[in-house]
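Okay, here's what each chain looks like letter by letter:
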Amino acid sequence: PELDPLNIAALNEAADCEIHDHIPLDFDPSDRVDAAAATPPRSAPPPVGAEVLLDTATIRESGAPNRDSSAYADVAFEQLKTNIRQTGKNISAIKVRRIKRGRSRHAAAVLYEVVYGHRRLRACQELGLKVLAVIEDDMDDRAALLERVAENTGRQDFTAWELGRICVHALETRLFATQRELAAALGRDAGDVSKAIALASLPPAVIAAFSCPSDLQYRHAKLLRDAVAR
């Protein structure tokens, strides 16, 4: 049937009123924000191979044997801390390798594991400073061990007992099959590696007889081993 134009206008007016009644009074078209734009952009990960300043809380120490605890309480360590305090950072960068995030909230904050530079990392932690580091994206345990020993050899070499613990760990975890293979990879004399392992394998009571395990020297290996055997 033909509709009266006046009735159509009335219907439209009523419809407009109903629509308007459902519009929030505080509605502002400018409040509409694209969801993608509202999401804050993710910060890009630090570049691999470049020197960057990292929060020490994001770095964990290596699970492999390293320095004796006395290395963090001697005169050399205090001098290292003084130098870092004066310059505001460690001049020589440490190396870290990227690890997978943990599931817990606490573990998720740990992104890296130190390859070498444990003392510099500890010094920066105690001073409350970020640490200058080079990030290695993909490095296995064997490569990490070789770089750790090589870097420390050129700086402050491991003591005989410290090297022995490192070698024992490398053999027990099957990173190397034999002492000779390990010595060749480290660029060390096979006899010294054997003596270092002998020192690290001494009973705890013998180690405790020394004021510091780092006092043990290569020349002590045979004497102490024979004494234990007797």
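Coordinates for the structure precede this section.
Residues numbered from 1 in each chain as written. Predicted model: local features only at pLDDT ≥ 70, side-chain atom pairs only at ≥ 80, totals over all residues. Heavy atoms only, no water.

Asks: Explain the side chain of H118 to me, please; I cannot follow it from the model alone.
Replies: Within the secondary structure layout, H118 lies in helix 5 (residues 118-127). When its relative accessible area of 4% is taken as the criterion, H118 is described as buried. Only 3.3 Å separates the side chain of H118 from the side chain of N66, close enough to count as a polar contact. Beyond its immediate chain neighbours, meaning those up to four positions away, H118 contacts E61, S62, N66, Y72 and R148. (Helix = DSSP H or I, 4+ residues; strand = E, 2+ residues; numbered from the N terminus. Buried < 20%, exposed > 50% of the residue type's maximum accessible area, 1.4 Å probe, protein only. Polar contact = N/O pair within 3.5 Å; in protein donor to acceptor, adjacent residues only side chain to side chain. Contact = heavy atoms within 4.5 Å.)

Asks: For this particular structure, what's the right way to read the nonpolar core?
Replies: Across soluble globular proteins, nonpolar side chains have a tendency to be buried as a group. Among the nonpolar cores identified, the biggest contains 17 residues, and L54, I59, I94, V96 and V131 are the most heavily contacted of them. Elements that contribute at least two residues to this core include exactly strand 1 (51-54), helix 3 (75-87), strand 3 (94-98), strand 4 (112-116), helix 5 and strand 5 (131-136). (Core = buried A, V, L, I, M, F, W, Y, C linked by side-chain atoms within 4.5 Å.)

Asks: Which parts of the structure should I look at to understand the pattern of salt bridges?
Replies: Opposite charge on two side chains allows them to pair when their charged atoms are near. Within this structure, the stated rule accounts for 14 salt bridges. For K95, the salt bridge identified is with E147, shortest N-O distance 3.1 Å. Taken together, the positions of K95 in strand 3 and E147 in helix 6 (residues 141-153) put the pair 52 residues apart, joining distant regions of the chain. Residue K95 is classed as buried on the basis of its relative accessible area of 11%. Here D137 makes a salt bridge to R98, at a shortest N to O gap of 2.7 Å. Placement of D137 in the loop between strand 5 and helix 6 and of R98 in strand 3 is noted, with a sequence separation of 39 residues between them. With a relative accessible area of 42%, D137 lands in the partly exposed category. (Salt bridge = Lys/Arg side-chain N within 4 Å of Asp/Glu carboxyl O.)

Asks: Even after reading the chapter, I still don't get the sheet that holds strand 2 (residues 59-60), so can you show me in this structure?
Replies: Sheet strands line up and pair through hydrogen bonds in the backbone, either parallel or antiparallel. Strands sit in the order 1-5-3-4-2 across an open sheet of five strands; the sheet is mixed. Sheet topology places strand 1 and strand 2 at the edges, where each strand pairs with a single neighbour. Bridging between strand 3 and strand 5 involves four bridges; their strand directions are parallel. The residue of strand 5 that forms the bridge with R97 is E136. Of the strands in this sheet, strand 3 and strand 4 are in contact with helix 6, which crosses strand 4 at around 45 degrees. (Pairing = 2+ DSSP bridges. Axes fitted to C-alpha atoms, helices over the stretch in contact; angles between N-to-C directions.)

Asks: How do you make sense of unusual backbone geometry when you look at a structure like this?
Replies: Most of the time, phi is negative for any residue but glycine, and the peptide bond is trans. With phi around 65 degrees, R174 is a residue other than glycine that occupies positive phi space. For R174, the location among the structural elements is in the loop between helix 7 (160-172) and helix 8 (179-186). With relative accessibility at 74%, the residue R174 sits in the exposed group.

Asks: What is the right way to read the packing of helix 7 against helix 9 (residues 190-200) from this model?
Replies: Close contact between helix 7 and helix 9 brings their axes to 7 Å; oriented N to C, the two are set at 90 degrees. The orientation of helix 7 relative to helix 9 falls into the category roughly perpendicular. Across the interface between the two elements, A160, W161, L163, G164, R165, C167, V168 and L171 from helix 7 touch V193, A196, I197, L199 and A200 from helix 9. For the contact of helix 7 with helix 9, the class distribution of residues is 11 nonpolar, one polar and one charged. (Parallel < 35°, antiparallel > 145°, perpendicular 65-115°, else oblique. Nonpolar A, V, L, I, M, F, W, Y, C, P; charged D, E, K, R; others polar.)

Asks: Whenever I open this one, the packing of helix 6 against helix 8 confuses me. Can you help?
Replies: Describing two packed helices takes the angle between their axes plus the distance from one axis to the other. Where helix 6 meets helix 8, the axes come as close as 10 Å, and the angle between the chain directions of the two elements is 55 degrees. Here helix 6 is positioned oblique relative to helix 8, judged by the angle of their axes. Residues R142, L145, L146 and V149 of helix 6 form the contact with helix 8, whose own contacting residues are E181, A185 and L186.

Asks: Just to check I follow, could you spell out the environment of R142 for this structure?
Replies: With respect to the secondary-structure elements, R142 resides in helix 6. Assessed through its relative accessible area of 33%, R142 is described here as partly exposed. Put simply, R142 and A185 are 43 residues apart on the chain and 10.0 Å apart in space, counted from C-alpha to C-alpha. The residues touching R142, leaving out its near neighbours within four places in the chain, are L175, F176 and E181. At 3.1 Å, the side chain of R142 and the backbone oxygen of L175 are in polar contact.

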